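# Topology and contacts: notes
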Amino acid sequence: MKNDYRPVDALASPRFCGIKTFMRLPYVTDLTDVDAAIVGIPFDTATTYRTGARFGPAAIRDMSATIRPFNIDMNINSFEHMNVVDMGDMNIIPGYIEDTYKIIEDQCFKVLEAGAVPICLGGDHSVTLGELRAAAKKHGPLAFVHFDSHTDTVSSYFGKDYCHGTPFYHAIKEGLIDTKHSIQVGMRGNLYEPNGFQDSEDLGLEVITAKEMHKIGIEATAERIMKRVDGKKAFLTFDIDFVDPAYAPGTGTIEIGGFSSYETMELLCGVKDLDVKAFDLVEVAPMYDPAQITAFLAANIVHDFIAMVARKRAD
Ligand code: MN
Ligand code: MN
């Protein structure tokens, strides 16, 4: 393999120089020989509260410039094992979710067909349904691993099917997810109904609430995830509001009682051997992000996603 696509060497070019792609990877849209592709999906008109995640991809790219290529937690320099590129952003259509779903599905499918792993940057969480449609078309229903403070399994909002609170209800109804091997982690906050997270469980998902996770700890949570997925090919989606607003204030729908940035990195480390075929990181809204801490955390999480792909390629 020609290993051409890697970050600019920060020992030769200062990290604040250049045009901001993710980690200063090359901007490439031809996917020949590409193993993983970063793609922005700046769609945020399906939020139910605060918009702003359309600026998430740019904010994450901006802060990613400071990340050094050797990932200490994952014990790998991903870029020595594979080619990673930044494809730029999808040309979504603000306000037109069904047209946008088609765009997301087609573009993600192209990445998957080229043998690369898509790593999408949202955008609000509605975008994940388009990615799941592409992933299921390529791989069949995948094990679904979902980090969030919300289940996003409501059937409709305002009398409409699609918004950022409904994608996984539709994904399950469309048969895109292998529910027996799927799990939602970090759920908390007040609800519209007293039945807890029963809606998700009724749809066939396992749910680990934030309360339970705080009680059993990070290691046991990671073990529960690995056990549930049971070696199956997976789709990993990470809503940044999984993290406590003290560490990740820059998002549209914050919930108290979450997890620190350290606990988040430990949890990802604990699931590093998942066989993930597509990733996303959603809901970063930079106008609520003093000191760019949310975007910086998001960029580090995406760096871990890259390492998870590289660990599989290095096997
Ligand atoms: Mn979400
Ligand atoms: Mn959420």
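Going by the structure above, here's the rest.
This report concerns the structure included in the present document. Everything numeric in this text was worked out from a predicted model, so none of it was measured. (Residues numbered from 1 in each chain as written. Chains lettered and ligands numbered in written order. Predicted model: local features only at pLDDT ≥ 70, side-chain atom pairs only at ≥ 80, totals over all residues. Heavy atoms only, no water.)

### Considering the overall build of the chain
To keep it simple, the criterion reads: The way it works is that DSSP assigns letters per residue, a run of H or I at least four long becomes a helix, a run of E at least two long becomes a strand, and they are numbered from the N terminus. It is over C-alpha atoms that the radius of gyration is taken, and the globule rule equals 2.2 Å times the number of residues to the power 0.38. For every residue, the accessible area obtained with a 1.4 Å probe (protein chains only) is divided by the maximum for its type, and the residue is called buried under 20%, exposed over 50%, and partly exposed between those limits. Contact definition: two residues touch when any of their heavy atoms are within 4.5 Å. The Shrake-Rupley method, run with a 1.4 Å probe sphere, supplies the accessible areas, and residue values consider only the shown protein chains as cover. Positive: Lys, Arg. Negative: Asp, Glu. His and the chain ends are not part of the count. Every charge is mapped to an atom, namely NZ of Lys, CZ of Arg, CG of Asp or CD of Glu.
Broken down by element type, the chain carries nine helices and ten strands. The globule rule puts the C-alpha radius of gyration for 315 residues at 20 Å, and the 18 Å found for the chain is close to it. Taken over the C-alpha atoms alone, the chain extends approximately 55 × 40 × 40 Å along its principal axes. Counting the 315 residues in the chain, one finds 58% classified as buried. Looking at the chain alone, contacts between residues at least 24 apart form 78% of all its contacts between residues at least 6 apart. As displayed, the chain has an accessible area near 13,200 Å², and 51% of this comes from carbon and sulfur atoms. Of the side chains in the chain, 30 bear a positive and 45 a negative charge, and the two mean positions are spaced by 3 Å.

### A look at the coordination of the manganese ion (ligand 1)
Heads up, the rule is: Keep in mind that water is not among the atoms, so a site may look incomplete; donors are the N, O and S atoms within 2.8 Å of the metal, or 3.2 Å for Na, K and Ca.
Protein-derived coordination of the manganese ion (ligand 1) comes from His125 (ND1), Asp148 (OD), Asp152 (OD) and Asp239 (OD), at a distance range of 2.1 to 2.2 Å. All donors to the manganese ion (ligand 1) come from one chain, and their sequence spacing reads H-x22-D-x3-D-x86-D. A gap of 3.2 Å separates the manganese ion (ligand 1) and the manganese ion (ligand 2), which Asp148 links by coordinating each metal. Both residues of the pair, Asp148 and Asp152, count as buried.

### Focus on the sheet that holds strand β9 (residues 233–239)
The line we're drawing: DSSP bridges decide pairing: two strands pair if at least two such bridges lie between them. Here the axes come from fitting lines to C-alpha atoms, over the contacting stretch only for helices, and the angles between their N-to-C directions go from 0 to 180 degrees.
Read from one edge to the other, the open sheet built from eight strands follows the order β4-β1-β5-β10-β9-β6-β7-β8, with strand pairing classed as parallel. With partners counted over all chains shown, the strands left at the sheet margins are β4 (84–89) and β8 (206–209), one partner each. Neighbour-to-neighbour, the strand axes of the sheet open up by a mean angle of 15°, direction not taken into account. Sheet topology note: the β9/strand β10 (residues 275–282) ladder contains seven bridges and is parallel.

### Digging into the packing of aromatic side chains
Worth spelling out the cut-off: Stacked, tilted and edge-to-face are the three classes assigned to paired rings of Phe, Tyr and Trp, where Trp is represented by its six-membered ring and a pair needs centres within 6.5 Å; plane angles under 30 degrees give stacked, over 60 edge-to-face, the rest tilted.
Inspection of every chain in the model, using the stated rule, returns ten aromatic pairs. Centre to centre, the rings of Phe144 and Phe235 are 6.4 Å apart; their planes meet at 35°, and the pair counts as tilted. In this pair, Phe144 is assigned in strand β6 (residues 143–147) and Phe235 in strand β9, connecting sequence segments 91 residues apart. With relative accessibility at 0%, the residue Phe144 sits in the buried group.

### Quick notes on the coordination of the manganese ion (ligand 2)
Distances from the manganese ion (ligand 2) to its protein donors, Asp148 (OD), His150 (ND1), Asp239 (OD), Asp241 (OD) and Asp241 (OD), fall at 2.0 to 2.5 Å. Sequence spacing among the residues donating to the manganese ion (ligand 2) works out to D-x1-H-x88-D-x1-D. The class for Asp239 is buried, based on a relative accessible area of 1%.

### What about the pattern of salt bridges?
It is possible for side chains of opposite charge to pair when their charged atoms get near one another. Our working rule: Salt bridges, as used here, are contacts in which a Lys or Arg side-chain nitrogen is within 4 Å of a carboxyl oxygen on Asp or Glu.
Across all of its chains, the model carries 16 salt bridges by this definition. Here Asp44 makes a salt bridge to Arg54, at a shortest N to O gap of 2.9 Å. Here the residue Asp44 occupies a position in the loop between β1 (36–41) and α1 (56–64), and Arg54 occupies one in the loop between β1 and α1, the gap between them amounting to ten residues. We classify Arg54 as partly exposed; its relative accessible area is 36%. By sharing partners, the salt bridges in this structure join Glu206, Glu212, Arg224 and Arg228 into a single network.

### As for unusual backbone geometry
The omega angle of the peptide bond from Gly122 to Gly123 is 15°, so this bond is cis rather than trans. If you trace the backbone, Gly123 turns up in the loop between β5 (117–122) and α3 (127–139). Residue Arg24 is not a glycine yet carries a positive backbone phi of 55°. Assignment of secondary structure puts Arg24 in the segment before β1. With relative accessibility at 6%, the residue Arg24 sits in the buried group. At Gln292, a residue that is not glycine, the phi angle is positive and equals roughly 60°.

### Looking at the state of the cysteines
Simply put, the disulfide is a covalent bond whose two ends are the sulfur atoms of two cysteines. What counts, and what does not: What counts as a disulfide here is a pair of cysteine sulfur atoms lying within 2.5 Å.
Per the stated rule, a full pass over the model turns up zero disulfides. Just so you know, Cys120 is unpaired, no disulfide at all, and the nearest cysteine sulfur is the one on Cys108, 3.8 Å from it.

Geometry only, nothing functional implied.
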